[in-house]
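# Fold and geometry: a report
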Amino acid sequence: MRTIPRILYLFLLYSACISGLAAVAQNSISGKTKYAHKTPAGVYAPTTIGNPVSNCDSIKVLLKQNDINIDTACPDIIGNYIFSNLPNGTYTIEALVHKKWGGVGSSDAQAVMRHFVNFNGFSLYPDGYFTNIFLLAGDVNGMGFVPNALDALMITRRFVGIIPDFKPPAVNPGRPDYTSEKHTIIVSDGINIIKDILVLATGDVNGTFTPYSP
Ligand SMILES: [Ca+2]
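Below is a summary of the structure that appears in this document. (Residues numbered from 1 in each chain as written. Predicted model: local features only at pLDDT ≥ 70, side-chain atom pairs only at ≥ 80, totals over all residues.)

### Comments concerning the overall build of the protein
Check the secondary structure of the protein and you find four helices and 10 strands. Listing each helix as α and each strand as β along the protein from the N terminus yields α-β-β-β-β-β-β-α-α-α-β-β-β-β. By residue count, 33% of the 214 residues in the protein fall in the buried class. (Helix = DSSP H or I, 4+ residues; strand = E, 2+ residues; numbered from the N terminus. Buried ≥ 20, exposed ≤ 12 C-beta atoms within 10 Å, placed from the backbone.)

Okay, structure coming up:
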């Protein structure tokens, strides 16, 4: 008669241990920071983008929860980053780049116009439709709309030197010099999530820039 309560006790003890382990499970998120580069022939070929050995000034990865930055990782020279010992939860990662801006010219302005024309249903240019990081990088005025004639105008104004950057007051609300993907990641059960983060110089919608060396 006493066997059943003993089994029940052991089962409850086991359950408590398992749930206790789950509560303290430590996870990690790692990957590479990459520039969404395209070759001169337009072939998509992302290239790692990192820091010099001596410092962590040119690119960082931000770890956020509920839009609040809770940690920062310093990618190495070939873009490897890692966040360790993360409690179970939902996190957002993105890169913050402080490298020299470049790679933006008339071909980017033209590409933005092609995108805009295609978005409006004309489909004149099969190569003219952006997605993902290229779409984000085309919103140079930060209005959050589909890249359009105003963005193309701002790109032109910058590469001919009328405006120094895409920041206010010349461009409102404006954008920083680099655009990053943002990934929302759920971690649990002590696993490592591998996630690369793509960046582009804001406005480099055809991915021509090579922002090296760090
Ligand atoms: Ca370009």
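### A look at the environment of Ala 149
With respect to the helices and strands, the residue Ala 149 is situated in helix 4 (residues 149-159). With 36 residues separating them along the chain, Ala 149 and Met 113 place their C-alpha atoms 6.1 Å apart. The contacts of Ala 149, once residues within four sequence positions are left out, are Met 113 and Phe 116. (Contact = placed C-beta atoms within 7 Å.)

### Details of the pairing of strand 1 (residues 27-35)
With seven of nine residues buried, strand 1 lies mostly within the body of the structure. The sheet contact formed by strand 1 and strand 5 (residues 80-86) spans five bridges and is antiparallel. Counted as the bridge partner of Ser 30 is Ile 82 from strand 5. Across three bridges, the pairing between strand 1 and strand 10 (residues 197-201) is parallel. (Pairing = 2+ DSSP bridges.)

### Some points on the nonpolar core
In terms of nonpolar packing, the biggest core is built from 39 residues, with Val 112, Ile 133, Ile 155, Val 199 and Leu 200 touching the most fellow members. Secondary structure elements with two or more residues in this core: strand 1, strand 3 (59-65), strand 5, strand 6 (89-97), helix 2 (106-119), helix 3 (132-138), helix 4 and strand 10. No other element matches strand 10, which puts five residues into this core. Apart from the residues within four sequence positions on either side, Ile 155 is in contact with Val 104, Asp 108, Ala 109, Val 112, Val 140 and Gly 203. (Core = buried A, V, L, I, M, F, W, Y, C linked by C-beta atoms within 7 Å.)

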